[in-house]
Amino acid sequence: MLKKKNIAASKASLVLFLCQMISALDVPLDSKLLEELLQPPTITQQSPKDYIVDPRENIVIQCEAKGKPPPSFSWTRNGTHFDIDKDALVTMKPNSGTLVVNIMNGGRAEAYEGVYQCTARNERGAAISNNIVIRPSRSPLWTKEKLEPNHVREGDSLVLHCRPPVGLPPPIIFWMDNAFQKLPQSERVSQGLNGDLYFSNVQPEDSREDYICYARFNHTQTIQQKQPISVKVFSTKSVTERQPVLLTPTGSTSTKVELRGNVLLLECIAAGLPTPVIRWIKEGGELPANRTFFENFKKTLKIIDVSEADSGNYKCIARNTLGSVHHVISVTVKAAPYWITAPRNLVLSPGEDGTLICRANGNPKPNINWLANGVPIAIAPEDPSRKVDGDTIIFSHVQERSSAVYQCNASNEYGYLLANAFVNVLAEPPRILTPANKLYQVIADSPALLDCAYFGSPKPEIEWFKGVKGSILRGSEYIFHYNGTLEIPVAQKDSSGTYTCVARNELGKIQNEVQLEVKDPTMIIKQPEYKVIQRYGQVSFECIIKHDSTLLPTVTWLKDNDELPDDERFLVGKDNLTIMNVTDKDDGTYTCIVNTTLDSVSASAVLTVVAAPPTPAIIYARPNPPFDLELTGQLERSIELSWIPGDENNSPITNFVIEYEDGLHEPGVWHYQTEVPGTQTTVQLKLSPYVNYSFRVIAVNEIGRSQPSEASEQYLTKPASPDENPSNVQGIGSEPDNLVITWESLTGFQSNGPGLQYKVSWRQKDVDDEWTSVIVANVSKYIVSGTPTFVPYEIKVQALNDLGYAPEPSEVIGHSGEDLPMVAPGNVQVHVINSTLAKVHWDPVPLKSVRGHLQGYKVYYWKVQSLSRRSRRHVEKKILTFRGNKTFGMLPGLEPYSSYKLNVRVVNGKGEGPASPDKVFKTPEGVPSSPSFLKITNPTLDSLTLEWGSPTHPNGVLTSYILKFQPINNTHELGPLVEIRIPANESSLILKNLNYSTRYKFYFNAQTSVGSGNQITEEAVTIMDEVQPLYPRIRNVTTAAAETYANISWEYEGPEHTIFYVEYGVAGSKEDWKKEIVNGSRSFFVLKGLTPGTAYKVRVGAEGLSDFRSSEDVFETGPAMASRQVDIATQGWFIGLMCAVALLILILLIVCFIRRNKGGKYPVKEKEDAHADPEIQPMKEDDGTFGEYSDAEDHKPLKKGSRTPSDRTVKKEDSDDSLVDYGEGVNGQFNEDGSFIGQYSGKKEKEPAEGNESSEAPSPVNAMNSFV
């Protein structure tokens, strides 16, 4: 729209308001102007075409429009007039066409379903809305159905159908369990687009009762639940692997139609074991980049914003180790109508011409229909200025009565577009909208833009004058814009003054004056300078400015482009910045910025802080930059540079660094060229062709580098042909039928001239063939198509430019694309070395059949079954890779006595070739693993029962079990070793004729024909006698509690060297037991730190022997005492009482002894001599043997003695007198001294004595047995 594209940035505001672009007149959107101009209606807001409403809320159908005068509104429903006055539930908002249907006061949304259209009308025309289809949302309940449990075999596929109720809009489907937790999904288990849940193969963990499908209806915020579905997976001995089968879609092909701009969703879900992997391709093309996404574990292909170019055949491929299956979906993209050129409002003056254009596209091609004020144009009132030509209406010599609103309707079977565009014919005198006497201020030498916003119909002509009576402005020093703006590209001081804008048309004339002031620019006449300051010193930067007297400047200081530190050491003056007591952190760049309302300037300087010398010292600093750079001796490939060094600042210059800038290829970027010693001030520089050189020099001393010097003058070298060719040339095929040639392009600096290109040449190696060449632009890749698969090529890439070629390039060898190998290795042989190792041999495949770089061979092997168990199970295949052209390999880690299969495949860069036929081999027997367990039970005096489990890995046919055992004495010395061979079909053995109360150590292993496996060991003890069980016991736990401690004691029966522990806790508490370890083998322990007056529970246990424990005992600590109690044992009266009791007991014992001796008429000694062994011992009650008396703490073995009769009575024929006569009816026993020992008999029995029954008192031993 501009006569000259030269509008610079300015603070002056250029306000330009335009209406829509295609019109004869531009109508500024000035509020005051728009209030006065007549305008046909324009629809500004309307409800969507497909309007789904919540049936529980009021229905609001929007229709808003603007126009002058304000439009009136009317509605149609289902094509007929909708009289809202006759429906009490329908109201129209004031000054609006929006309808409100009051559903919440008794209305039914279903009664208002239909197609609605709004018309906005005033005296200039009528605009119409889209057809608005009103439909209430629906969220129906699930139909009741009886769901049978799904019984599925492990590894089979399964589909759980959701079948949600049909809602409006359709619901969102998801699967959860009873706990409202989402069911996990994976490549194996996933939800399809139809909501069904698909299992590629089921596993035991899929068994559950609560597979629940949920449907969420977002519009009504409701969720419906299907009845839970039960899945039960039953396992079999072996799971059969299966190749992929598609669950959805079915068949080999299907079709899909999608609309342009929508999201295309394609789905493939497959069954199989192992779980198949899905891959998508487009036949004859590539999947669109940046618009293609894979969802649902690649089972769903998603392409957004589809277009007609996305039509075609899409193939999904499901693959696992057993094979693959594919499905082709033919996609056709149709298109609802879409705009190419929508009609736009037209504002004309009387007598002018104009056009309305309505162009739309779609698939199929849409039909274009015109309406005038909502009526088909064929039956609308005639207008002689109007002519319809297909998608265009042409207007000629319009008049004010030609004003109207036209509608363009573009429709096909997939939808329609409706656009309103008005023709407004206006006759208006000129108006200037820019405020009068507006002041514009600019800086000298910058552009000035003076506004003259205007309107009129016909369009006014604009003229500018300077001063009240000045002449009209013309000439190249001014630019006149179509919107009325006057631009002065370079304003000077004498440009200041009054400017007059005049607008005129045939209906009138108007003018307006504006003021222009041109100000002097702001300048920094004294800039801050580079400073080197010692630590703790003071430094000051100056910033003296000059500015226009009418502008108020503000000065701001920055450090490193940020605000100054909030530190009182920084003092900002009117024209300087002072830093007191300088520290290392003050090092940096300081910038002075001067701002006015019209311009801004800045200047910077660097502050370097150095350490203070120990003595008043020389100030060392970076050198000053060199200056006065001069170029001499210009040649095509060299030039001489000289310079004058700057001040070295007390630190000698060590060297100079020379940098260059290539203004032709990389302007503003400086590169390292060379460096020379600090004593040298000239250098001969080598140059490259076609480079616009500039040089600068940097001086370096021990302090650092100087600022760069000013750049030298530029020197442009002449172009030449390239000196070098591209590097890193490679030829690698990306497909089986192509060769991709790549290289590293030359830089602009290396190009040596304009028009850099590359000559790419190739020919098949070892074939008498000519070079094929092509010249390509400045790229780095070229693809040769139609090549044979994996053949060597000679390749070379040569650079050239407008002046010629680079030297002949060297050749490199590349290969066209690889393809999968064609042939499987043959003659596969397996040599079994031992039960766990085999060697496999194969013949190498012909190199031509590899069709790629041979990377090696892969051996797949897997166990088929164990020959000892004859059971099959699913075993994952193992893979061994052998690099290079090897023809054999070792297979380690095999299981003995098993059947295996293997195959061999050749591998190249593309992948694996076909597998060789499966080779079956068997491993020989090996030694078995140790028996799974050895358990020793039922101990007796002379026997033990052994039970065992067969080896977990028999590794062959078991021939026998070997049992070895030997006794162990109390000093842990081992006795003689006994070996027994047991048949392989046995699982238990009773060892007899063992020594009683003896510990034995057992060694047990299994054997095959190869040898013995690892042994398992166990120890056991035969019992001491039949009164006391072999297993350990803890009994008679007693407690003696005090205020804060308790003494715990117990009796123990069992093996020696046992570690005891005491567990205790507060009675009735759920807290964990506290545990104290007892030192040594003591049978007592003191619990300390107890709480007074508290009930405790206690029990005693032993470690290492099945961790047995005693029963619980409860005791209570004594209450807390205010003062320490007196120990009763130290009181004199207590000691005297105890002495008296002891004396009384002694007297009673003496009396008893005398009385028993008086009753000794029975010849006990003689009877014993006549009927018993001379070494007679007290009789043991359980087995009739005799032994020495032992208390509960004595566990020494008893001596063997003679036996009494089996009924354990003394018969009459052996004695004239019975011991019963002296036992007061108790079947007691006496020691040799005649004392009664019945209380130690160890067993409660009822035995006949001369025809009379008498009960024996329970012994303490039996009492403990019953308790434990």
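Throughout, a residue's number is its position along its own chain's written sequence, starting from 1. Two thresholds apply to this predicted model, a pLDDT of at least 70 for residue-level local features and 80 or more for giving and counting side-chain atom pairs, whereas whole-chain, interface and lining totals are computed over all residues. For side-chain calculations, the full set of non-hydrogen atoms in the structure is used, while hydrogens and water are omitted.

Peer 1: Outline the overall build of the protein, supporting the account with residue identities and numerical values.
Peer 2: Helix and strand content of the protein: six helices and 94 strands. Remark: exposure states derive from per-residue accessible area (1.4 Å probe, protein chains only) relative to the maximum for the residue type, with buried under 20%, exposed over 50%, and partly exposed in between. Burial statistics for the protein: of 1268 residues in total, 40% are counted as buried. Element-wise, carbon and sulfur atoms account for 51% of the exposed surface of the protein, whose accessible area totals about 69100 Å². The helix count covers DSSP runs of H or I at least four residues long, the strand count covers runs of E at least two residues long, and both are numbered beginning at the N terminus. Calculation of accessible area relied on Shrake-Rupley with a 1.4 Å probe; when residues are assessed, cover is drawn exclusively from the protein chains displayed.

Peer 1: How would you explain the environment of Glu811 if you had to name every residue and give the values?
Peer 2: Take Glu811: it is sitting in the loop between strand 70 (804-805) and strand 71 (812-815). Since its relative accessible area comes to 43%, Glu811 is described here as partly exposed. Considering only alpha carbons, one finds Glu811 and Glu794, 17 residues apart in sequence, at a separation of 6.2 Å.

Peer 1: Give me the lowdown on the pattern of salt bridges, citing residues and values where you can.
Peer 2: Criterion for a salt bridge: a side-chain nitrogen of Lys or Arg within 4 Å of a carboxyl oxygen of Asp or Glu. Applying the stated criterion to the full structure yields 40 salt bridges. Across the salt bridge formed by Glu400 and Arg124, the nearest N and O atoms sit 3.4 Å from each other. Of this pair, Glu400 sits in the loop between strand 35 (392-395) and strand 36 (404-412) while Arg124 sits in the loop between strand 9 (114-122) and strand 10 (125-128), placing them 276 residues apart in sequence. Close ionic contact of Asp520 with Lys493 constitutes a salt bridge, the shortest N to O distance being 3.7 Å.

Peer 1: So what's going on with the sheet that holds strand 86 (residues 1033-1041)? Which residues, and what values?
Peer 2: In this analysis, strands are considered paired if DSSP registers two or more bridges between them. Read from one edge to the other, the open sheet built from three strands follows the order 86-87-90, with strand pairing classed as antiparallel. Each edge of the open sheet is held by one strand with a lone partner, namely strand 86 and strand 90 (1084-1087). Adjacent strand axes in the sheet meet at a mean angle of 20° when their direction is disregarded. Pairing of strand 86 with strand 87 (residues 1046-1053) involves seven bridges; the strand directions are antiparallel. Bridge assignment links Thr1039 to a residue of strand 87, and that residue is Ile1048. Axis definition: a line fit to C-alpha positions, over the contact stretch in the case of helices; interaxial angles, taken between N-to-C directions, run 0 to 180 degrees.

Peer 1: Describe in detail the nonpolar core, supporting the description with residues and values.
Peer 2: Core analysis: the largest hydrophobic core is formed by 30 residues, its most contacted members being Ile59, Ile61, Trp75 and Ile134. Taken together, the elements giving at least two residues each to this core come down to strand 2 (50-53), strand 3 (59-61), strand 4 (63-68), strand 5 (72-77), strand 8 (99-101), strand 9 and strand 11 (132-136). The element that contributes the greatest number of residues to this core is strand 9, accounting for three residues. Side-chain atoms within 4.5 Å are what join buried Ala, Val, Leu, Ile, Met, Phe, Trp, Tyr and Cys residues into a set we call a nonpolar core.

Peer 1: Could you give me a rundown of the confidence of the model for the protein, with the residues and numbers involved?
Peer 2: Along the chain, pLDDT gives the predictor's confidence residue by residue, from 0 to 100. Per-residue pLDDT for the protein averages 84, and the proportion of residues at 70 or more is 85%. For the stretch residues 1026-1030, pLDDT sits under 50, and the model shows 10 contacts to residues farther than four places along the chain or on other chains. Note on residues 1159-1268: pLDDT under 50 across the span, and 120 contacts to partners over four residues away in sequence or across chains. The contact criterion used is simple: two residues touch if any of their non-hydrogen atoms lie within 4.5 Å.

Peer 1: Which residues make up unusual backbone geometry, and what are the values?
Peer 2: Of the consecutive residues Leu168 and Pro169, the connecting peptide bond is found in the cis state with omega at -10°. Checked against the element boundaries, Pro169 lands in the loop between strand 13 (158-160) and strand 14 (172-176). That bond from Asn363 to Pro364 is cis: its omega, 5°, falls within 30 degrees of zero. Locating Pro364 in the fold gives a position in the loop between strand 31 (359-363) and strand 32 (367-372). The residue Asn95 is not glycine, and still its phi comes out positive at about 55°. Of note in this structure, Asp445 is not a glycine but carries a positive phi near 75°. By the element assignment, Asp445 lies in the loop between strand 39 (438-443) and strand 40 (448-450). By relative accessible area, Asp445 is classed as exposed at 53%.

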